[in-house]
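# An overview of the molecular structure
Here are the chains, one letter per residue:
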Amino acid sequence: MLEVALDTSPLAQTRAGTARYLRGLLGALKHEPAVHVQRLAFGARPRLAVPVRDVGWYLGVLPLLARSADVLHCPTFRAPVRSGVPLVVTFHDLAVLRHPEAFNTWTRAYSRASLPRVARAAARLIAVSEFTAQELIDVLGVPERKIRVIPNAVGEPFTAEGDAAEGEYVLAVGTLEPRKNLSRLVEGFRRAGLNGCELRIVGARGWGNVDPVAADGVRWLGEVSDDDLARLYRGARCAAYVSLYEGFGLPVLEAMACGTAVVSSDLPAVREFAGGVVTVDPRDPDSIASGLTEALGRREELGHEGREAAAAFDWPRIARKTVEVYREVAA
């Protein structure tokens, strides 16, 4: 039996992409008979606890708690810089180094100091896309031999079958922060002139004073359950995701799996898995407006393409590939 210590701290910190990755992976690992997962977590949520978590938990407590395991897996770049057991770290992107202006002061400083050391300490780095793998090589100088590309996946309740939310609306999903580019999406939506159609935004407040409720026809729903989010995807005339930088773009895949036409930023990581997606220049509101109009005109065709493409990204397959990495470093 392979004993894997898995840092589940993101589940207490967020419901966004890293937590969704972790929930999907945990659910699938339950069905891997030769693997036992030991969940380890720093559970405090208050903002003042962030430095304590980043320094005290990751640099001190977590490596001690994991010392009896065969492998320690950290599902984000927050990880120890020394580990007594083989360390596996999942990197979702390097946005904090590529676009530091989009992050708060603590995260910028912590990441500049810790990410190179984490990358050196890890026996293997899991990149969620070929794009992120290349970022690890280009930005952090990680040897290619240490990187394994294992994409994100999607599962229940994100399927085309099920209840759909009512109303005429375009759906946007993402944490409210500058990188998600919501102001240009709102302007593109306005320029598209979609009479009788609402822009509904789902996501927790982040930082940077991003306020999506500053225009007519725009409604912020805050955080919602996965079941409600799936209903919103199914009922949307299309989904829009115009982030300025992504290592993957999980909301795009979720929308595809629900049979929803998607308008997305033309990003390398999204191009690796996209089907049923109209790509746009995220810095140009006119491009976003044209993309919305095209997606609405082709929604049936795009929805079918998206469902077919999303079927290749399932959690059992991702879990098996992840276990292969565990076995590789534990050997």
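All of the points below concern the structure found in this document. (Residues numbered from 1 in each chain as written. Predicted model: local features only at pLDDT ≥ 70, side-chain atom pairs only at ≥ 80, totals over all residues. Heavy atoms only, no water.)

A few words on the sheet that holds strand β12 (residues 277-280). One open sheet accounts for six strands, arranged β9-β8-β7-β10-β11-β12; its pairing is parallel. Each edge of the open sheet carries a strand with a single partner, namely β9 (218-222) and β12. Sheet twist, expressed as the mean angle between neighbouring strand axes with direction ignored, is 25°. Strand direction decides the pairing type here: strand β10 (residues 238-241) and strand β11 (residues 262-265), joined by three bridges, are parallel. Looking at the pairing, Ala-240 lines up with Val-263 of β11. Running over the sheet, helix α8 (residues 226-235) touches β7 (169-173), β8 (198-202) and β9 and is turned about 135° from β7. (Pairing = 2+ DSSP bridges. Helix = DSSP H or I, 4+ residues; strand = E, 2+ residues; numbered from the N terminus. Axes fitted to C-alpha atoms, helices over the stretch in contact; angles between N-to-C directions. Contact = heavy atoms within 4.5 Å.)

Scanning all chains against the criterion turns up 22 salt bridges. Across the salt bridge formed by Glu-254 and Arg-20, the nearest N and O atoms sit 2.7 Å from each other. One end of the pair, Glu-254, is in helix α9 (residues 250-257); the other, Arg-20, is in helix α2 (residues 17-29), and 234 residues separate them in sequence. Arg-20 sits in the buried class, given a relative accessible area of 14%. For Arg-317, the salt bridge identified is with Asp-314, shortest N-O distance 3.2 Å. With a relative accessible area of 21%, Asp-314 lands in the partly exposed category. Among the charged side chains, a network of salt bridges with common partners joins Arg-20, Arg-23, Asp-226 and Glu-254. (Salt bridge = Lys/Arg side-chain N within 4 Å of Asp/Glu carboxyl O. Buried < 20%, exposed > 50% of the residue type's maximum accessible area, 1.4 Å probe, protein only.)

Here the focus is empty space enclosed by the protein. Under the definition given, this model contains two cavities of 30 Å³ or more. By volume, the largest cavity is sized at about 60 Å³. Forming the walls of the largest cavity are Ala-172, Val-173, Gly-174, Lys-180, Leu-182, Leu-185, Ala-240, Tyr-241, Val-242 and Ser-243. Contributing elements (two or more residues each) for the lining of the largest cavity: β7, α7 (182-192) and β10. Size it by volume and the second largest cavity reaches roughly 50 Å³. Of all elements in the fold, only β7, β10 and α9 reach the threshold of two or more residues within the lining of the second largest cavity. Residues of the lining of the second largest cavity, tallied by class, amount to 11 nonpolar, no polar and no charged. (1 Å grid on protein atoms, 1.4 Å probe; cavity = no way out; pocket = protein on both sides within 12 Å on 5 of 7 lines; lining within 4 Å. Points joined across faces, edges and corners; volume = space filled by probe spheres on them. Nonpolar A, V, L, I, M, F, W, Y, C, P; charged D, E, K, R; others polar.)

Along the polypeptide, Leu-253 turns up in helix α9. Since its relative accessible area comes to 0%, Leu-253 is described here as buried.

Now for the pairing of strand β4 (residues 87-91). Remember that side chains alternate between the two faces of the sheet whenever the strand is regular. Within β4, five of the five residues are buried, leaving the element largely enclosed by the surrounding structure. Neither face of β4 is exposed, since Leu-87, Val-89 and Phe-91 on one face and Val-88 and Thr-90 on the opposite face are all buried. With three bridges connecting them, strand β3 (residues 71-74) and β4 associate as parallel partners. Residue pairing in the sheet places Cys-74 in a bridge with Val-89 of β4. Of the pairings in the sheet, the one linking β4 to strand β5 (residues 124-127) comprises four bridges and is parallel in character. By the bridge assignment, Val-89 is partnered in β5 with Leu-125.

Among the nonpolar cores identified, the biggest contains 38 residues, and Leu-72, Phe-91, Leu-136 and Leu-140 are the most heavily contacted of them. Contributions of two or more residues to this core are made by α3 (50-65), β3, β4, α4 (95-98), α5 (105-121), β5 and α6 (130-140). Other than its neighbours up to four places away in sequence, Leu-72 contacts Ala-5, Leu-62, Ala-66, Pro-80, Ser-83, Val-85, Pro-86, Leu-87 and Val-88. Tyr-169, Leu-229, Leu-267 and Val-270 belong to the second-largest nonpolar core, a separate cluster that totals 30 residues. (Core = buried A, V, L, I, M, F, W, Y, C linked by side-chain atoms within 4.5 Å.)

Residues Cys-238 and Ala-240 of β10 are buried on one face, and the alternating residues Ala-239 and Tyr-241, pointing to the opposite face, are buried as well. Looking at chain direction, β7 and β10 are connected through three bridges and run parallel. Counterpart to Leu-171 in the pairing with β10 is Ala-239. Chirality of the crossover, the property in question, places the unit of β10, α9 and β11 among those that are right-handed. (Right-handed = clockwise from strand over helix to strand, strands pointing away.)

Worth remembering: the numbers are spatial, not functional.
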